[in-house]
Amino acid sequence: MIFDTHAHYDDKQFDNDRDELLNSMREKGVGTIVNVSAAYESCERVVNMAQKYPFMYAAVGIHPDEVGSLDEERFARMKELFGNDKVVAVGEIGLDYYWDKESHELQKEWFIRQLDLARKLKFPVNIHSREAAQDTMEIMKEHGKGLSGVIHCYSYSKEMAEEYVKMGYYIGVGGVVTFKNGRRIKETVEAIPLTSIVLETDCPYLAPEPYRGKRNNSSYIKYAAEEIARLKGVSYEEVVNQTEENARKLYRV
Ligand SMILES: [Zn+2]
């Protein structure tokens, strides 16, 4: 069944039909979802949701756009959440020079501290990186040693993806692979082995064609999986089964 490795179901865009939508996932072929925090306030929310739904797990971490709200006290409180048995990863963490909401120095500082936390607690990482290819790679090489994880919503060159694969990381592929202008991620999918790809929505964002621009949800992953099957010349079932196996290895569930 489909394993959605990166979703944001605590987002207010799901306030009106969250329960109904999530309870319909199984019949739509979605077996497992990892609910990922972004802002400090969402850390506790994603953990509470993972406790409510048996098919859901949580990733806890602060997105680079949100690191300005962190301090030592909040970081300590965030760390306590890793004691919960439904928490499977540190994320999403990284660098975002596209929105550039916080200084690069502050983004790097908290990115590195959260990587160190993952190593100390022995958790995989869920990496967000936008318009920050070089700095992310440098930090991952220096501070990501010995870690496992996924580069979520991968948007850089196929060469860099091959480098991450060599380092043992998975590449997260979602709705963008169905876009007409998604040439780079299509090339990446062709270049790397299926054993290094995991599926994701990043919902409510990044809905695939034919729903581009609408609210995304995990059942739409099938459109990304269909495109990956086409690009790799394998069956849809093989994509779903292999990426599920990959995701279980990644998150150890
Ligand atoms: Zn995300």
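Attention in this report is confined to the structure presented alongside it. Here the structure is a predicted model, which is why all the values come from computation and not from measurement. (Residues numbered from 1 in each chain as written. Predicted model: local features only at pLDDT ≥ 70, side-chain atom pairs only at ≥ 80, totals over all residues. Heavy atoms only, no water.)

Moving on, we get to the state of the cysteines. In total, this model carries zero disulfides according to the counting rule given. There is no disulfide at Cys 43, and the cysteine sulfur nearest it, in Cys 203, is 17 Å away. Cys 43 sits in the buried class, given a relative accessible area of 2%. Of the cysteine sulfurs around Cys 153, a residue in no disulfide, the closest is that of Cys 203, at 12 Å. Look at Cys 153 and you get partly exposed, because its relative accessible area is 24%. (Disulfide = S-S within 2.5 Å. Buried < 20%, exposed > 50% of the residue type's maximum accessible area, 1.4 Å probe, protein only.)

Moving on, we come to the pairing of strand β4 (residues 87-96). Along any regular strand the residues' side chains alternate between the sheet's two faces. Of all ten residues making up β4, ten are buried, and the element is well covered by its neighbours. With three bridges joining them, strand β3 (residues 56-60) and β4 adopt parallel strand pairing. Following the sheet pairing, Ala 58 is matched in β4 by Val 87. Sheet topology places β4 next to strand β5 (residues 125-130); six bridges connect them, and they run parallel. The residue bridging Gly 94 from the neighbouring strand is His 128, located in β5. In terms of handedness, the path from β4 via helix α4 (residues 104-121) over to β5 forms a crossover that is right-handed. (Helix = DSSP H or I, 4+ residues; strand = E, 2+ residues; numbered from the N terminus. Pairing = 2+ DSSP bridges. Right-handed = clockwise from strand over helix to strand, strands pointing away.)

Below, the discussion takes up the environment of Gln 242. The topology assignment puts Gln 242 in helix α9 (residues 236-251). Dropping the residues within four chain positions of it, Gln 242 is found in contact with Leu 194 and Thr 195. A distance of 2.8 Å separates polar atoms of two side chains, one belonging to Gln 242 and the other to Asn 246. (Contact = heavy atoms within 4.5 Å. Polar contact = N/O pair within 3.5 Å; in protein donor to acceptor, adjacent residues only side chain to side chain.)

Time to look at the packing of helix α3 (residues 72-80) against α4. Their axes nearest at 12 Å, the elements α3 and α4 cross at an angle of 30°. Considering the angle they form, α3 stands roughly parallel to α4. Between α3 and α4 lies a crossing whose hand is right-handed. Residues Glu 72, Phe 75, Met 78 and Lys 79 of α3 form the contact with α4, whose own contacting residues are Trp 110, Arg 113, Gln 114 and Leu 117. Its residues assigned to classes, the contact of α3 with α4 shows four nonpolar, one polar and three charged. (Axes fitted to C-alpha atoms, helices over the stretch in contact; angles between N-to-C directions. Parallel < 35°, antiparallel > 145°, perpendicular 65-115°, else oblique. Left-handed = near helix turned anticlockwise from the far one by under 90°. Nonpolar A, V, L, I, M, F, W, Y, C, P; charged D, E, K, R; others polar.)

Let's shift gears to the pattern of salt bridges. Taken as a whole, this structure holds 15 salt bridges when the rule is applied. As a salt-bridge pair, Arg 183 and Glu 187 come within 2.9 Å of each other at their nearest N and O atoms. Taken together, the residues Arg 183 and Glu 187, both in helix α7 (residues 183-191) and four residues apart, mark about one turn of the helix. Taking the relative accessible area as the measure of exposure, Glu 187 reaches 28% and is therefore partly exposed. Its salt-bridge partner being Lys 186, residue Glu 227 comes within 3.0 Å of it at the nearest N-O pair. One end of the pair, Glu 227, is in helix α8 (residues 221-232); the other, Lys 186, is in helix α7, with 41 residues separating them in the sequence. Judged by its relative accessible area of 13%, Glu 227 is buried. (Salt bridge = Lys/Arg side-chain N within 4 Å of Asp/Glu carboxyl O.)

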